[in-house]
Amino acid sequence: MYNVMSPKAEEFIDHEEILASLTYAQENKNNRELIEAILEKARACRGISHREALVLLDCELEEQNQKMFDLAMEIKQKFYGNRIVMFAPLYLSNYCINSCVYCPYHAKNKHICRKKLTQEEIKKEVVALQDMGHKRLALETGEDPVNNPIEYVLESIKTIYGIKHKNGAIRRVNVNIAATTVENYKRLKDAGIGTYILFQETYHKENYEKLHPAGPKHDYAYHTEAMDRAMEGGIDDVGLGVLFGLNMYRYDFTGLLMHAEHLEAYKGVGPHTISVPRIRHADDIDPGEFSDAINDDIFAKLVAVLRVAVPYTGLIISTRESVKSRERVLKYGVSQISGGSRTSVGGYAEEEPEEENSAQFDVNDNRTLDQVVKWLLDLGYVPSFCTACYREGRTGDRFMKLVKSGQIANCCLPNALMTLEEYLQDYAAQETKCIGEKVIQEEIKGIQNLLIRQRTMEKIEKIQEGERDFRF
Ligand code: SF4
Ligand code: SF4
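Quantities reported herein were computed from a predicted structural model and do not represent experimental measurements. (Residues numbered from 1 in each chain as written. Chains lettered and ligands numbered in written order. Predicted model: local features only at pLDDT ≥ 70, side-chain atom pairs only at ≥ 80, totals over all residues. Heavy atoms only, no water.)

Next up on the list: helix H17 (residues 396-405). Within the span of H17, buried status applies to Gly396, Phe399, Met400 and Val403. Projected down its long axis, H17 shows its buried positions confined to an angular sector of 95°, all on one face. Where the residues of H17 are buried, they touch helix H5 (62-80) and helix H16 (388-391). Remark: Gly406 follows H17 within two positions and exhibits a positive phi of approximately 85°. (Buried < 20%, exposed > 50% of the residue type's maximum accessible area, 1.4 Å probe, protein only. Helix = DSSP H or I, 4+ residues; strand = E, 2+ residues; numbered from the N terminus. Arc of directions from axis to C-beta. Contact = heavy atoms within 4.5 Å.)

We now examine the side chain of Lys76. Counting through the fold element by element, Lys76 comes out in helix H5. Buried and without a salt bridge, Lys76 has Glu443 as its closest oppositely charged side chain, separated by 11 Å. Contacts of Lys76, omitting those with residues within four sequence positions, involve Gly81, Ile84, Arg307, Leu330, Lys331, Gly333, Val334 and Tyr381. (Lys, Arg positive; Asp, Glu negative; His and termini not counted. Salt bridge = Lys/Arg side-chain N within 4 Å of Asp/Glu carboxyl O.)

Right, let's talk about the side chain of Ser6 for a bit. Checked against the element boundaries, Ser6 lands in the segment before helix H1 (9-12). Within the structure, the side chain of Ser6 is placed 2.9 Å from the backbone nitrogen of Lys8, a separation counted as a polar contact. Of note is the side chain of Ser6, whose polar atom sits 2.7 Å from the side chain of Glu11. Setting aside residues up to four positions removed in sequence, Ser6 forms contacts with Glu11, Phe12 and His262. (Polar contact = N/O pair within 3.5 Å; in protein donor to acceptor, adjacent residues only side chain to side chain.)

In the region of ligand 1, the neighbouring residues are Cys96, Asn98, Cys100, Cys103, Tyr105, His106, Gly142, Lys217 and Gln360. Class assignment for the residues of the shell around ligand 1 results in four nonpolar, four polar and one charged. (Near = heavy atom within 4 Å. Nonpolar A, V, L, I, M, F, W, Y, C, P; charged D, E, K, R; others polar.)

Close to ligand 2 lie Cys386, Ala388, Cys389, Arg394, Phe399, Ile408, Cys411, Cys412 and Asn415. Among the elements that make up the shell around ligand 2, the one with the highest residue count is helix H18 (residues 409-426) (three residues). Each residue belonging to the shell around ligand 2 can be placed in one class, and the counts come to seven nonpolar, one polar and one charged.

What the domain assignment reports for the protein is domain 1 (9-76), domain 2 (83-384) and domain 3 (401-464). Taking only C-alpha atoms into account, the centre of domain 1 sits 27 Å from that of domain 2. Of the residues lining the interface, 34 residues belong to domain 1; the matching set on domain 2 comes to 37 residues. Where domain 1 abuts domain 2, roughly 3,000 Å² becomes buried across the two surfaces, and 73% of that area is made up of carbon and sulfur atoms. The largest contributions to the domain 1 side of the interface with domain 2 come from Phe12, Leu57 and Lys76, which together make up 25% of the buried area. Inspection of the domain 1/domain 2 interface yields two salt bridges. Here Glu10 ties to Lys205 by a salt bridge, and the two come within 3.8 Å at their closest N and O atoms. At the boundary of domain 1 with domain 2, the tally comes to 13 residue pairs in polar contact (both at pLDDT 80 or more). Counting only elements with at least two residues in the side of domain 1 that touches domain 2, the list comes to H1, helix H2 (15-28), helix H4 (50-58) and H5. By residue class, the composition of the side of domain 1 that touches domain 2 is 21 nonpolar, seven polar and six charged. (Domains from an automatic or database assignment. Buried area = accessible area lost by both parts, 1.4 Å probe.)

Let us now look at the pairing of strand E3 (residues 172-176). On a regular strand, each side chain points to the face opposite its neighbour's, so the side chains alternate between the two faces of the sheet. Among the five residues of E3, five are classified as buried, and the element is accordingly described as predominantly covered. With five bridges connecting them, strand E2 (residues 136-141) and E3 associate as parallel partners. Each residue of the ladder has a partner; that of Leu137, found in E3, is Val173. Read as a crossover between parallel neighbours, the route from E2 over helix H7 (residues 150-162) to E3 is right-handed. (Pairing = 2+ DSSP bridges. Right-handed = clockwise from strand over helix to strand, strands pointing away.)

In this section: a negative patch on the surface. Taken together, Glu458, Glu461, Glu465 and Glu467 make up a surface patch of like negative charges. Inspection of the secondary structure assignment puts Glu467 in the segment after helix H20 (450-464). Assessed through its relative accessible area of 40%, Glu467 is described here as partly exposed. (Patch = residues over 30% accessible without salt bridge, like charges linked within 9 Å, V, L, I, M, F, W, Y side chains within 5 Å. Areas by Shrake-Rupley, 256 points an atom, 1.4 Å probe, with all protein chains shown as cover. Charge placed at Lys NZ, Arg CZ, Asp CG, Glu CD.)

Bringing the packing of helix H15 (residues 369-378) against helix H19 (residues 430-444) into the picture now. What describes two packed helices is the angle between their axes and the distance between those same axes. Two numbers describe how H15 lies on H19: the axes approach to 10 Å, and their chain directions differ by 40°. Crossing geometry of H15 relative to H19 is assigned as left-handed. Contact residues: H15 offers Asp370, Val373, Lys374, Leu377 and Asp378, while H19 offers Glu431, Thr432, Ile435, Gly436 and Val439. When grouped by side-chain class, the residues that make up the contact of H15 with H19 number four nonpolar, two polar and four charged. (Axes fitted to C-alpha atoms, helices over the stretch in contact; angles between N-to-C directions. Left-handed = near helix turned anticlockwise from the far one by under 90°.)

We now examine the packing of helix H13 (residues 296-309) against helix H14 (residues 323-332). The contact between H13 and H14 brings their axes to 9 Å, and the two run at 25°. Between H13 and H14, the crossing angle belongs to the class labelled roughly parallel. The handedness of the crossing between H13 and H14 is right-handed. Between H13 and H14, the contacting residues are Asp296, Asp297, Phe299, Ala300, Val303, Ala304 and Arg307 on the first element and Ser325, Arg328, Val329 and Tyr332 on the second. Classifying every residue of the contact of H13 with H14 by side-chain character gives six nonpolar, one polar and four charged. (Parallel < 35°, antiparallel > 145°, perpendicular 65-115°, else oblique.)

Further remarks concern the pairing of strand E7 (residues 314-317). Burial along E7 is two-sided: the face carrying Gly314 and Ile316 and the face carrying Leu315 and Ile317 are both buried. The pairing of strand E6 (residues 273-275) with E7 spans three bridges and is parallel. Across the sheet, residue Ser275 finds its bridge partner in E7, namely Ile316. In terms of strand pairing, E7 meets strand E8 (residues 336-338) through two bridges, oriented parallel. From the neighbouring strand, Ile316 faces E8, where its bridge partner is Gln336. Of the crossover connections in this fold, the one passing from E7 over H14 to the parallel E8 is right-handed.

Following this line, the structure appears as structure tokens:
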């Protein structure tokens, strides 16, 4: 029985409710009046329900679809302006006891090279990431209580925060590790993590169990209820995601929004971010095996409807996406992207020899961080290395209140410009620097509060003189 307030996975992600929503959306996909009413509701920027969002996703009316894409762009502009937050994944270990059939780290894959970084190796990776200009990382490990116990993850976080190399620093460490206990979430919180990220992969319980035939991840309820435990452990910011292409995308899209509604209703705060990875080729994995792969048009529409449905939630895409696909979805709602990523264990400090393949998936966008930054600037975006909210204690409901009132805009743009200036001073190629300085001069005029604009200009001057790490 569907109950958004239930702590039980099978009740807040109720299969019957998803099926009923899928039918409802099919029946109403050409219902002009209803679709107009949903778009009108969405215009208030307070979000729409999973059923309403699904109707928009299924809508076949050209005019209404265009209105939906326009609205997604408007909402994106209103909440995120031209800013795109940059991050990089850091793979610590690919030892894993699970059996996810879509991931090359699955325990039975004997021809992938298994690696686990020592603290010394982590230091090298972090120095290499700092030398690129990164300030925000997403840690990734497989699930393996012997090789990757929680103590290893905690020690690694401490190591990462402790490295100060030239002007570099990692200022926010987000963590993507397997579902765990409230006690371990408390320890992660105490270690100062930013967002706790855990992808659901699919919300369809039966398929989930088939896709995860053995290992702790097989337990659908334990995995699906992980975010509730994380929040109980004091982690304010959690990041959801499904691996689009594993299962019927309409089913997973609905489950994803029901999960967001559950967190908002039950815990008082919706997800901080939603990631939208699509299945990619990798060692031992052929995406062709998954017949539910989604094409670029559907992918773009998914992103746009998510933007309309959860305006306050950051949307993330990785380098799984091609340059073309990334460019398209940036305008419809994506607010965070990775750049210069390596998906192998230890791939930043030294290029991995081909015979040692330890990557989780093939990267589709192989450009360096500087090339990605320049590309964004050329497209009129402001690459941001901001990590201010977490460091100022603006997390969870405090963060959401500021976002919902629109006040966060007083922080985001100045912080984006100041961190971009740091990047330009310390890491950018000459050409990137030239265009970046022009973009900063132009964008600074968009800071509405004159006092904040003045203070931002002063701080940018100080950054040019060598000072670092200002934030609002
Ligand atoms: Fe292990 Fe995660 Fe890969 Fe599953 S998806 S095999 S849990 S690393
Ligand atoms: Fe994100 Fe906060 Fe920085 Fe805005 S000010 S970009 S919300 S960390």
